[in-house]
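# Descriptive analysis of the structure
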Amino acid sequence: MTLLSNLTPLLKDAKAAGYAVGSFNVFNMESLLGFIDAAVETQSPLVVAIAESHLPYLDLESFMPMALELARRAPMPVALHFDHARSLQIIERALHAGFSSVMCDGYQLPYETRVEETRLVVRLAHAIGVSVETELGHVVRLGGSEGVLESGELADPAVAHDFVQRTGVDVLAVAVGSTHSMTAPEAGLDLERLKQIAQSSDSYLSLHGGSGISVSHLRAAIGIGVSKVSVFTKLANTALTQARKYLDKHEDVNLPDMCLEIRGGFRTAVVEQIERLGSAGHA
Ligand SMILES: [Zn+2]
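Here goes a summary of the coordinates provided. What you see is a predicted model, and the numbers here were worked out from it, not measured in a lab. (Residues numbered from 1 in each chain as written. Predicted model: local features only at pLDDT ≥ 70, side-chain atom pairs only at ≥ 80, totals over all residues. Heavy atoms only, no water.)

## Overview of unusual backbone geometry
Note the threshold: Secondary structure elements are taken from DSSP: a helix is a run of H or I of four residues or more, a strand is a run of E of two residues or more, and numbering for both begins at the N terminus.
The phi dihedral of Q43 falls on the positive side, at around 55 degrees, and the residue is not glycine. In this structure, Q43 sits in the loop between helix 2 (29-42) and strand 2 (46-51). Positive phi, normally seen in glycine, also occurs at H84, with a value near 55 degrees.

Written out as structure tokens, the structure is:
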């Protein structure tokens, strides 16, 4: 039995030891169980994330008691992270539901409004021991489009410094080349920019769009100070492939058994990511 952790102790240990903690998005029971199976197998700390965009697939308030119970029973530190919240209302809902960490988006807001809103989120969250992540630059493409980021969408080191100073945010998700839904390392990370951000801001740094980052760039980013990496697309694709193989092999499909296959697919995919991030054995 371990206590539910917020991000800070997990990322502090990761940064000190030179690895990154994986943040993996769950949207049902099979994904949740598969991720925890993988963390137990590899003895790795884990961030279980639920994104606002996945709320149509689960009932948050009835799903959370199960996630909290599994996180507390797990033999390694687990943080429950609400990912990519797009409004203050949904952040309040996440805090009420028991998450130990929240992430707010909001790049579409004017800068000063963002600073004000983020300060408020930090105040509400820190009062109950919850950590706060926010993004700088566009790790989510406007309109959900894919592709290589243009320079105007990347995080600005000077803005990073100002933003962290004024908001007190714990983790900064920096846009330095990777975006959601990328499956191949089509865009290299702007490591020079990442270095400047690491030097100029006191917060922990995270990367999103982890499926599309090559191992060499991932290792370099971790070396510079990235301590949390979010991955979803690769996990979903691996579980889907495993389900397809199961369907091809079995004429009479037993649906509960196929759900076990999907859980196994998520486990396999997360074990692979944990190896990439170097967090195995650090629970
Ligand atoms: Zn993300």
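## Focus on the packing of aromatic side chains
Note the threshold: Each Phe, Tyr or Trp ring (for Trp, its six-membered ring) is paired with any other whose centre lies within 6.5 Å, and the angle between the two planes then decides the class: stacked below 30 degrees, edge-to-face above 60, tilted in between. Buried means the residue's accessible area, taken with a 1.4 Å probe over protein chains only, is under 20% of the maximum for its type, while exposed means over 50%, and partly exposed covers the values in between.
The final tally for this structure, using the stated rule, is 7 aromatic pairs. Residues F27 and F232 carry aromatic rings whose centres are separated by 6.0 Å and whose planes lie at 90 degrees to one another, so their mutual orientation is edge-to-face. Taken as a pair, F27 in the loop between strand 1 (21-25) and helix 2 and F232 in the loop between strand 8 (226-231) and helix 9 (233-249) lie far apart in primary sequence, 205 residues in all. The interplanar angle of 50 degrees and the centroid separation of 6.1 Å between the aromatic rings of Y111 and F163 together place this pair among those described as tilted. A residue pair is termed long-range when its members are at least 10 positions apart, and Y111 in helix 5 (residues 111-126) and F163 in helix 6 (residues 157-167) qualify at 52 residues. Exposure remark for Y111: the relative accessible area of 30% places this residue in the partly exposed category.

## Here we look at the pairing of strand 3 (residues 78-85)
Moving residue by residue along a regular strand, the side chains alternate between the two faces of the sheet. Convention followed: Pairing between strands requires that DSSP locate at least two bridges from one strand to the other. Orient the strands so they point away from the viewer; a crossover is then right-handed if the path from the first strand over the helix to the second runs clockwise.
Counting buried positions over the 8 residues of strand 3 gives 8, a clear majority of the element. The pairing of strand 2 with strand 3 spans 6 bridges and is classified as parallel. By the bridge assignment, L46 is partnered in strand 3 with V78. Following the backbone out of strand 2, through helix 3 (residues 60-73) and into the adjacent parallel strand 3, one traces a crossover that is right-handed.

## What to know about helix 5
Structurally, the α-helix is built with 3.6 residues per turn, so residues lying three or four positions apart point the same way. Convention followed: Here, expected helix span is obtained from the residue count minus one, scaled by 1.5 Å. It is the directions from the helix axis to the C-beta atoms that the arc portrays. The contact rule is simple, with two residues in contact once any of their heavy atoms fall within 4.5 Å.
Taking 1.5 Å per residue, 16 residues should reach 22 Å; helix 5 reaches 22 Å between its end C-alpha atoms and fits that length. For helix 5, every residue scored as buried is listed here: R114, V115, T118, V121, V122 and A125. Looking straight down helix 5, one finds its buried side chains confined to an arc of 130 degrees; they lie on one side. Turning to helix 5, the residues buried within the fold contact helix 4 (88-97), strand 4 (101-104), strand 5 (131-136) and helix 6.

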